[in-house]
Amino acid sequence: MRSYRFKRLGRTALAAAATVLLVSGCDFLDPTNVTNPNTTTEDLAAAAEPTTALLPGLRAQTARAVRAVVQTSALLSDDFEIAFTNVGPELSDPYQLSPDGASYNTTGGIGAYWNTQELRALADFVIDSIAPEDEGATDEQLAEARYYRGMAYLLQGENFIAVPTGPDQEPTAWDGLLTRAASDFSAARGLTAEAEREVALLAALARTHRALGNVGDARGFAEDALAADPEFVTLQNYSAGELENPFSTETRTFQPLPRLDFLDPKYTSRGESIPVAKAEEMHLILAEADMADGSYGDAAERIADAVRLAGDRPTEEFNDPDERLNPNLTDRPSSSDMLVAAEDGAPLRAGLVLDRPGTVTMPIISGTSLDADSVEALTDPQEIRHAFWLARQEILFLEGRRVHDLGVRMPVSQREINTNGTVSDGDDVAVVDVPDYIPPDIMDDFSPRDPYEAGSNEITIAIDMNRVLAEELVSPLGPLPSG
Amino acid sequence: MKLPMSKVRPILYGSFALLAVLLVPSLAAAQTGTVQGQIVDASTGQPIPSAQVTVEGTGVGGLSNQQGRFLLLNAPVGEQTVSAVLIGYTSEQSTVTVTAGETTTVDFELSPSALEMDELVVTGTGQATERRRLSAEVAVVDADDIASSGAGNVTELLQGRVAGAQINAVSAAPGTAGLMSFRGPSSAIADQTPVIYIDGVRVDNARGVSGSFGGEQTSALADLAVTDIERIEVTKGGAASTLYGADAASGVIQIFTKRGRPGEASFTARVEQGVDMPETKFVTDMDFACPERLGDCETARAHPSWDPDFVKNSILQSSHYQSYYLGAVGGTDRVGYNISGRVRDGDGTQVKTGSTMYNLTSSLQATLTDDLTAEFSGTYLRHNFTRVPNGTTTNGALTNAMVGDFLFFARQENLADALAVYHAQDITESVDRSTFSTTLSYDPSTLLDLRATVGIDKRVSEQRHNEQLEMVATDRQGRIQTNARDFTGLTMDFRGTLTYDAPMFTNTSTSFGFQAFREQAKTTSVTGDELALPGVTEFDAAALITANEGFNEVYNGGLFLLQQAGIADQLFLEAGVRFDGNTAFGSNVSYQAYPKVGASFDLATAGLMSDQFQTLRLRANYGVTGKFPPPFRRDRTFSAEPFAGESAPRFDNPGNANLEPERVTTVEAGLDASFWDNRVGLGVTAYQAVTTEAIFNVNEQPSTGQGSQLRNIGEIENRGLEVSANVDIIRNASATWAMNVNWSTLRNEVKDLGGLPPFELGTLGGRREFGRIEEGLPIGVRYMSQPVDTNGDGLPDSAERGIVRHPETGEHMTPFPTSNGSVGSSLSLPQMGVSIRAQAQWSRGSTVQDYAAAWSTFNSLPRIEFPTRYDLDGNEVGQYSYSQAFNYLLVNGDFFKLREITLSYQLPEVFATSLGGTSAQLNFGARNLWTWVPTPQSIFAPEASREYLLDPELAGYSEPNGESSLQLGGSQSVVLPPPHQFRFGFQITF
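Note that the coordinates shown come from a computational prediction; the quantities given were computed from them, not determined experimentally. (Residues numbered from 1 in each chain as written. Chains lettered and ligands numbered in written order. Predicted model: local features only at pLDDT ≥ 70, side-chain atom pairs only at ≥ 80, totals over all residues.)

(A) Representation of the overall build of chain B within the structure. Counting its secondary structure elements, chain B contains 10 helices and 50 strands. The C-alpha atoms of chain B give 29 Å as radius of gyration, which agrees with the globular expectation for 990 residues (30 Å, within 12%). Here the C-alpha coordinates of chain B stretch approximately 95 × 70 × 60 Å along the principal axes. Counting every position in chain B, which comprises 990 residues, the buried fraction comes to 55%. Of all intrachain contacts in chain B linking residues separated by at least 6 positions in sequence, the fraction that spans at least 24 positions is 69%. (Helix = DSSP H or I, 4+ residues; strand = E, 2+ residues; numbered from the N terminus. Rg over C-alpha atoms; globule rule 2.2 N^0.38 Å. Buried ≥ 20, exposed ≤ 12 C-beta atoms within 10 Å, placed from the backbone. Contact = placed C-beta atoms within 7 Å.)

Here it is, written out as structure tokens:
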């Protein structure tokens, strides 16, 4: 009996084991039942409206590209000094910029080369591969996609020497990139019926033609933009906790040049938008065109227009905890009793440094230390050029223009050199292009570094780059006439 | 071989159908008898517990009990060979005649042996096989070693016990476990942790399974408890691991839990009490800098909380440890059981850390019919622990104290207030883990035996980080963070062996099998920032909530065939092949074949050596193993993230239809010798392991907008020598004194980058310069910015990145050692009931990056002095910053550690009986007793650095970049070494 019982038990156990294995184990043991949690090529092909689905991706990538250029431009130029952060030292000065610098070569948020390339590539994908097959794609959507690709080309054409526009292609020089930008913006104008987008496109075209040195077109589009809306602002939005505005958090990590202290922080929260086009810039483009034509008196009036408009823009009260520290933890100028000279021999000016930590009033669209009437009264071409560059630096502060204005052009990234057979280390496109008039290492410097320890309230910036630009007759519209 | 994955299912079900068919006729009764006896030590006469006794060729077997007695039921009638085997002894065989329904007695006297060639191993062998028949090395850690060790988890247990293994503790933080690597890094992308099986079931072995706090992450190895482990087998890759196929390149660890045995229930109760004391050798106490704007040092020093030993007295602590164990083992003629429960609790050696572990283990074996047995083993474990942030953090007390930021980041002016700030956060974690294994064995005749195992490992963890509002060390106003992970692993294994005698050959067998596993890991992390009111612990109260989810899944199916044969019991040959298909392979990649061949020849048995040699065995083998790529990296994908109320897609993985596993081809040769009456045992193995189709993360061209793709383009080589030696110096009735030494060397070289330029390993923002992959040099070779002299005036005037050379030897440097080893000794005084064991470990040739020295420079702390920089005219222009002179962070990684000492005393029997028991024991164990490092540790500034900087063993800071990425160690911020542990135990058996 006992033996029989075990036999029965054995059969029962076997039957149970087999049932458990074959029934409950089926799904788990089926090797085809492994599903990628991300969207694959096959999934995308099944999307009902792929253009509609991918446009938010282009919007986000434009936000990434804009902020990367804004950040790189701010750090590389005289605007900001890197104080406490993991950003690589190659971004601290144009002469230190090497293609393999970790923050320059990165695919992360600060990578200007990468993020503009990814924007162009994603836009190519939408415009060339997805939209033509998508019957639901509208003209307005195509206009939007063209605008984003144009922005990618514009940001690249302003800031880089040359950039390949596809795999294994030789780099396209900056003017070629700008021409592509103009082409995309023009095509987008033909597709859009939205007034707001039309203004943004006109402004983008004005900016593109300025960079290309086309005085007439730059002037024409700037005038058209102002005619469409004399106070327009086109904003790139950001979102706290998602894609954030990098210049609003941990304000102490980047420290502004003391003469720009009153403009910082321009963005007071992580979700603050960054202006990508605004009427002030159109006035300044018109001023530059006037200077290019030798009409310095008209230019002074145009600059004053920009200064007046900037003065009308909104401000915001902000309780700033930033202690304004140097990298060695000593105190930078952080009180309103400080007087700042733009360089040795320049006049000491009050009101440029605010009391911190404390509540400060911040211009969130545009701010400037210039006075419109005084600018209008200027007659000396050098002083007008100087006011022009100072106005551009202050009004377009933290909008990603300064590296271009300084005449610096950035190289392709090391990743491009390593993966694209048409580019090698040491090629012209792989070495930063810095104009001779920019001195190494001192653009961010001032003295005394700790005025409180030095017992002085007089700060002297090491060099006034606006004076240098003015003297050198610098302009994308060609060397300006001296008078 | 072309076999699409979809065909695996029919094979799978077919295999089980075959098993079922084969099992049905077995359900017939046969006549049996019982074999009993006692096993004693031939030199001391003392009983030997835990010896393995089997009736050969029948599957009937068991273990001897504490008194050395064994009872084998259901032995087939007739003449049978009974063998007794135990590590450390030569095996014995005896022929008995079993009579139906009667008990036959046979006793054994086993002689100690320094070399165990008769021991049965099963890992990678298809079936239980004597070691002397294997051509490849399988390391075994036995029950004695496990019981006497004070190790808290498997990585600690294996430290120093396996030649060729590098096992480094990570830190003292609860929930962490050591970093393991056998025979060097074989991959530039994949974690080197071996795969781990418990009773035939593949278990979660992932390393970084929680959020990272300063680089410290929880490891799933931390909750592989060491309770009730009978034996551990280890293969280190190569031919020994070939039968594990596409996932065995890093080696295989197989853990066997204790089984029941026939006889009345025997209960064991064990109580342990102990103390953990922090290792403070590398702690630099309160000499932090006091930036003036935060109040000067005078303010801090004038405060009542000032204490020059503040770190030792207020941040660290000596802590109490306790453990309680109750187990029962026994069985009847057809059923055996082993059941135990254990609670382990300890405060950590840092204030606000601690760990509690509850563990239930059971195993049951039932003889269903005379040739069919079923085994079940299961473990449930609950692990609750708390820790604090260390390492690369600005809100951890220890880090900030040691690098000088203690007041600065707390924004306080005295020590007490600052500590309160750092302690205004809780990091807690709980782990629930269940591992089950069920095996059916069918052994109808001496010709055939079949086994089918199904098992599951389920590990669910949740980590929470609650930062109180007053935690002002961060810019946010409170944080609630949760990191949850859910792992499920299912294993199915079916294997059979045909044993027969072929013409000319003896011990001939053919093994075959099918194995499948599926693993799923889901992770969810949610962070809620900015809270209004205190007291809340739910993240949905936060102003800003971010959530992330991750999912990984892989299925692997494989078949194997293995042929073993012997000639004249002297020459043994084996050849086998494994085929694997895996869902991580690219769509163009078919089944992968992993072959192996090997031979061993015993010169002593063949009579070719003098009598002085009891064994002199030569062995050689060739074997291929694989490492499958990370799941889903074969597909072209798009990711998406939320932006402004929309889901914003983006290019993700570019896709690679040709993605295949890395292949490691190993050639090894060695010898095993024993002489001086088996008192000296020696094992030597030399190997060369070449990884082809090595996977690198290859950058795409930026113009594609797509990041990087895993591609099989590289080649990596590891070469080494492994030596182990055991000597019984004294062996007589009153004392046995033995010594053992393990020593291994490693040479690693990247042979081919497949056309890629050299690249960096895991640099985050380029500042944590871990290492480089460059042809002709080892993986992770030090490549850093360093001072250079550009004008030849002998004075450094610039800085550039390059391979770092040792200032004296000119050699390049690696984060892993070029040699390591251990030395152990045991003394047994059987008549006094005393036995003592000690073990020490050393490591040579590695370098460690002291990232804390970088931090300290912000505060001018004299941890390592950076060199003076000159201008081109030879004038001093100040000191180099750490980012320009990164090589100055390197310290010598050599160490020697007295790892453990254990002492056990068998109390006189009268004592045990007076308590109603049969035996009682007192134990004392100490672990991590003493560390020696060469001083000064700094390589580039030996004259201008602190004498002690860090414990070089610690893998320390890790780049938190996923569960399965390469981790070489060799980089630390501020990390606390595992504590000095002292344990007092009392054990009684009823």
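(B) Spotlight on the sheet that holds strand β13 (residues 458-461) of chain A. Residue and element names in this part refer to chain A. Read from one edge to the other, the open sheet built from 4 strands follows the order β10-β9-β13-β12, with strand pairing classed as mixed. Both outer strands of the open sheet, β10 (348-349) and β12 (446-447), are each paired with one neighbouring strand and no more. Looking at chain direction, strand β9 (residues 339-341) and β13 are connected through 3 bridges and run parallel. Counted as the bridge partner of Ala341 is Thr460 from β13. (Pairing = 2+ DSSP bridges.)

(C) Representation of the nonpolar core. Core analysis: the biggest nonpolar cluster contains 145 residues, and Ala206, Ile303, Phe388 and Ala391 of chain A have the highest contact counts within it. Top contributing element to this core by residue count: helix α4 (residues 50-76) of chain A, with 14 residues. Look past the residues within four positions of Ile303 of chain A in its chain and what remains in contact with it is Leu284, Ala287, Val375, Ala387, Phe388 and Ala391 of chain A. In this structure, Val170, Ala300, Phe866 and Ile939 of chain B belong to the second largest nonpolar core, which totals 132 residues. (Core = buried A, V, L, I, M, F, W, Y, C linked by C-beta atoms within 7 Å.)

(D) Representation of the sheet that holds strand β14 (residues 195-198) of chain B in the model. Residues and elements named next belong to chain B. What the 5 strands build is an open sheet, ordered β11-β16-β17-β14-β15; its pairing is mixed. The open sheet is flanked by β11 (139-142) and β15 (201-203), the only strands paired with a single partner. Adjacent strand axes in the sheet meet at a mean angle of 25 degrees when their direction is disregarded. Here 6 bridges tie strand β16 (residues 229-235) to strand β17 (residues 252-257), and the two strands are oriented antiparallel to one another. Within β17, the position partnered with Val234 by the bridge is Ile253. (Axes fitted to C-alpha atoms, helices over the stretch in contact; angles between N-to-C directions.)

(E) Examining the packing of α4 of chain A against helix α6 (residues 139-159) of chain A more closely. All names here are of chain A. Across the interface, α4 lies against α6 with an axial gap of 10 Å and an inter-helix angle of 20 degrees. As judged from the angle between their axes, α4 and α6 are roughly parallel. Here the hand of the crossing between α4 and α6 comes out left-handed. Each of Thr51, Thr52, Leu55, Leu58, Thr62, Ala65 and Val69 in α4 lies in contact with α6, whose residues at this interface are Gln141, Glu144, Ala145, Tyr148, Met151, Ala152, Leu155 and Asn159. Its residues assigned to classes, the contact of α4 with α6 shows 9 nonpolar, 5 polar and 1 charged. (Parallel < 35°, antiparallel > 145°, perpendicular 65-115°, else oblique. Left-handed = near helix turned anticlockwise from the far one by under 90°. Nonpolar A, V, L, I, M, F, W, Y, C, P; charged D, E, K, R; others polar.)

(F) Region of the structure containing the packing of helix α10 (residues 279-292) of chain A against helix α13 (residues 381-395) of chain A. Residue and element names in this part refer to chain A. The interhelical angle for the contact between α10 and α13, taken along N-to-C directions, is 160 degrees, at an axis separation of 11 Å. When the interaxial angle is binned, α10 and α13 end up roughly antiparallel. Where α10 crosses over α13, the two elements pack in a sense that is left-handed. Along its contact with α10, which presents Glu280, Leu284, Ala287, Glu288 and Met291, the element α13 presents Arg385, Phe388, Ala391, Arg392 and Ile395. Looking at the contact of α10 with α13, its residues break down into 6 nonpolar, no polar and 4 charged.

(G) Region of the structure containing the environment of Arg197 of chain A. Residues and elements named next belong to chain A. Its location among the elements puts Arg197 in helix α8 (residues 195-212). We classify Arg197 as partly exposed; it has 18 C-beta atoms within 10 Å. Considered as a pair, Arg197 and Glu144 are 53 residues apart in the sequence and their alpha carbons are 8.2 Å apart. Discounting chain neighbours no more than four positions away, the residues touching Arg197 are Ala143, Tyr147 and Thr192.

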